[in-house]
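# Structural characterization, general
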2 protein chains.
Amino acid sequence: MKRVAIEFSYDGTDFFGYQRQNDVRTVQGELEKALERVFKTSIQTYAAGRTDTGVHASGQVASFDIPSERLSELDIRNAINANLPRDIYVKKAWFVHENFNPRYEAKKRIYHYFILNSKSNDIFLRRYTWWFPYKLNVEAMREAATYLVGEHDFTAFSKRGEDDTNPIRTISALRILRLKKDLILIRVEGISYLRGMVRSLVANLIKVGTNQWKPEHILEVLESKDRSKSAGLAPAHGLFLYKVLF
Amino acid sequence: MKRVAIEFSYDGTDFFGYQRQNDVRTVQGELEKALERVFKTSIQTYAAGRTDTGVHASGQVASFDIPSERLSELDIRNAINANLPRDIYVKKAWFVHENFNPRYEAKKRIYHYFILNSKSNDIFLRRYTWWFPYKLNVEAMREAATYLVGEHDFTAFSKRGEDDTNPIRTISALRILRLKKDLILIRVEGISYLRGMVRSLVANLIKVGTNQWKPEHILEVLESKDRSKSAGLAPAHGLFLYKVLF
């Protein structure tokens, strides 16, 4: 028995989210099917983060135990890839200590959210960006972002149904970058997040970007701890779990 | 009655090619369905080029007659887009003279072929690039390309079943560009092409890029006018009809 970690990417478009469920296609389900084909036994996996339906990953991390002692890290990567569907891909596999669990050992999770901010749509980006055709005041969004960085009660930026969870989270960085004239990246760094939190942060920042809200209004929403004051969720398909750091 | 031209893009992945056919989803079929919904009458369209199954377009051009005299160019664009599926998008609509037909008036058709030349796959590019993980000698490919530019009999680089067509075509430019470390663009400019010709040129250039053939061997293939000497076709999903010039 050896414990293995993998870093992998997936296109969330055609999955009902990350977590295994009966009767629907999920990332974890497809991954575990591939592992069963490779190792001829049922294998349970543990991931750094459970992404929602439609959310992508370029650097998700999972760990699992394999019965084989002979395979190299590269053999493992290649064998899993040969058994995965075209929308999941293992970039790297490596051996880890026998208690490694990416969920508990992740030191940082970085999410990327892409906005196509152009009057004209680009259909080749439609699966991976939120097309938002109205003018955005990126400077105002950056100012609003400063109120969100740090340790806060993020209840106002979470989904319903998480009321048992401790709502205190720490955002260590929140940057808004114009990658090209019409492509905006919102990059969020934190240790962990409430459910729907990144998409909620994006939706609220957009309210500022369109000048419907002043930047300071974000602070009011944060301090209210009240979801009904918040702007809802940005669409899932712009969001990527970009990288997990250990 | 007014004649309109449109420039439009489509993601070829989920179409059985451009040309309308009964019982299968085609680009022309979906476009004409949208036009019928907008103008409440059946409308026949004429396109600059008929792309094969799986081939994309970022700048296809088509023309058609509309019964309305009132709509502006922007109204027409927006009304068609509101009725198209998510994988076709009209970038521009404009009025043209009553005999305009993009097939006969095109002065240049530019195709782009994208190769992801990296050991590791990038699943977010999988629909739009050919993943070719082996080392490519781009300098040798550029040398081979020089033999193809100009007016030639391109029979060796065509699909079967075109034997009634005049096989003489002119390639005015054939450039091989490294856009990033691992992304290669093959850009072909010509007036018109034989069926499958761009994908065949790419497949033959790859034979040179992998050093299986010397650059001069491309000239032998060209002069043979014999398909059996040729390297077949590169996959459809790397190819884009990029732009049509009039």
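All values reported here derive from a predicted model rather than from experimental measurement. Throughout this document, residue positions are counted from 1 along each chain, in the order its sequence is written. Each chain is given a letter, starting from A, and each ligand a number, starting from 1, according to the order in which they appear as written. Two thresholds apply to this predicted model, a pLDDT of at least 70 for residue-level local features and 80 or more for giving and counting side-chain atom pairs, whereas whole-chain, interface and lining totals are computed over all residues. As a convention, hydrogens and water are excluded, and side-chain values are obtained from all of the structure's heavy atoms.

This part covers the relation of the copies chain A and chain B. Fitting of the copies onto one another was done by least squares over C-alpha atoms, counting residues only where both copies have pLDDT of at least 70. Overlay of chain A on chain B (RMSD 0.0 Å): rotation 180°, translation along the axis 0.0 Å. Viewed as a symmetry operation, the transformation between the two copies matches a two-fold axis.

Attention now goes to the domain arrangement of chain A. Residue and element names in this part refer to chain A. What the domain assignment reports for chain A is domain 1 (2-104) and domain 2 (106-245). Once two parts are brought into contact, the accessible area they lose, counted with a 1.4 Å probe and summed over both, makes up the buried area. It is Asp 52, Val 55 and His 56 in domain 1 that bury the most area against domain 2; as a group they hold 34% of the surface buried on that side. Salt bridge, as used here: a side-chain nitrogen of Lys or Arg that lies within 4 Å of a carboxyl oxygen of Asp or Glu. Counting every contact that joins domain 1 to domain 2 gives six salt bridges. Among the salt bridges present, the one from Glu 7 reaches Lys 243, with a minimum N-O distance of 3.0 Å. Here a polar contact is taken to be a pair of N or O atoms separated by no more than 3.5 Å, where protein atoms must pair a possible hydrogen donor with a possible acceptor and residues adjacent in sequence count only if both atoms sit in side chains. In this structure, the connection of domain 1 to domain 2 is made through 16 residue pairs in polar contact (both at pLDDT 80 or more). Segments assigned H or I by DSSP are reported as helices when at least four residues long, segments assigned E as strands when at least two residues long, and all are numbered from the N terminus. Mapped onto the side of domain 1 that touches domain 2, the elements with two or more residues apiece are strand 3 (56-66) and helix 3 (102-105). Examining the composition of the side of domain 1 that touches domain 2, we find that six residues originate from one element, strand 3, more than from any other. Delimitation of the domains relies on an automatic or database domain assignment.

Moving on, we get to the UniProt feature "binding site: substrate" (unreviewed entry) in chain A. Residue and element names in this part refer to chain A. UniProt positions are given in the numbering used here, feature names are shortened, and annotations may be inferred rather than shown by experiment. According to UniProt, the positions carrying the feature "binding site: substrate" (unreviewed entry) are Tyr 111. On the secondary structure map, Tyr 111 appears in strand 5 (residues 108-116). Classification of Tyr 111 by relative accessible area gives buried; the value is 9%. In this structure, Tyr 111 is in contact with Thr 51, Ile 186, Arg 187, Val 188, Tyr 193, Val 198, Leu 239, Phe 240, Leu 241 and Tyr 242, ignoring residues within four places of it in sequence. Partly exposed describes any residue whose relative accessible area lies between the buried limit of under 20% and the exposed limit of over 50%, with all areas from a 1.4 Å probe on protein chains only and scaled to the type maximum. Whether two residues are in contact is decided by their heavy atoms, any of which lying within 4.5 Å being enough.

Looking now at the packing of aromatic side chains. Pairing of aromatic rings covers Phe, Tyr and Trp, the last counted by its six-membered ring, and requires centre-to-centre distances within 6.5 Å; plane angles under 30 degrees mean stacked, over 60 mean edge-to-face, and any other angle means tilted. On inspection of all chains with the given rule, the structure shows 28 aromatic pairs over all chains. For the ring pair Tyr89(A) and Trp131(B), a centre distance of 6.0 Å and an interplane angle of 80° mean the geometry is edge-to-face. Remark: Trp131(B) occurs in strand 6 (residues 130-131) and Tyr89(A) occurs in strand 4 (residues 88-95); the pair is interchain, linking two chains. Both rings, one in Phe114(A) and one in Phe240(A), keep their centres 5.5 Å apart while their planes meet at 90°; by these two values the pair is edge-to-face. Taken together, the residues Phe114(A) in strand 5 and Phe240(A) in strand 10 (residues 239-245) connect sequence positions 126 residues apart. By the burial criterion, Phe114(A) is buried, and Phe240(A) matches it. Taken together, Tyr113(A), Trp130(A), Phe132(A) and Tyr134(A) form an aromatic cluster joined through their ring pairs. The ring of Phe95(A) has Lys2(A) sitting right over it, with the charged end atom 4.1 Å from the ring centre. A ring is scored as having a charge over it whenever the NZ atom of a lysine or the CZ atom of an arginine sits within 6 Å of its centre and within 35 degrees of its normal.

What follows concerns the UniProt feature "active site" (unreviewed entry) in chain A. Residues and elements named next belong to chain A. Those residues carrying the UniProt feature "active site" (unreviewed entry) are Asp 52 in this numbering. Structurally, Asp 52 is set in the loop between strand 2 (46-47) and strand 3. Sequence-distant contacts of Asp 52, that is, excluding residues within four places in its chain, are made with Gly 17, Lys 159, Arg 195, Gly 196 and Arg 199.

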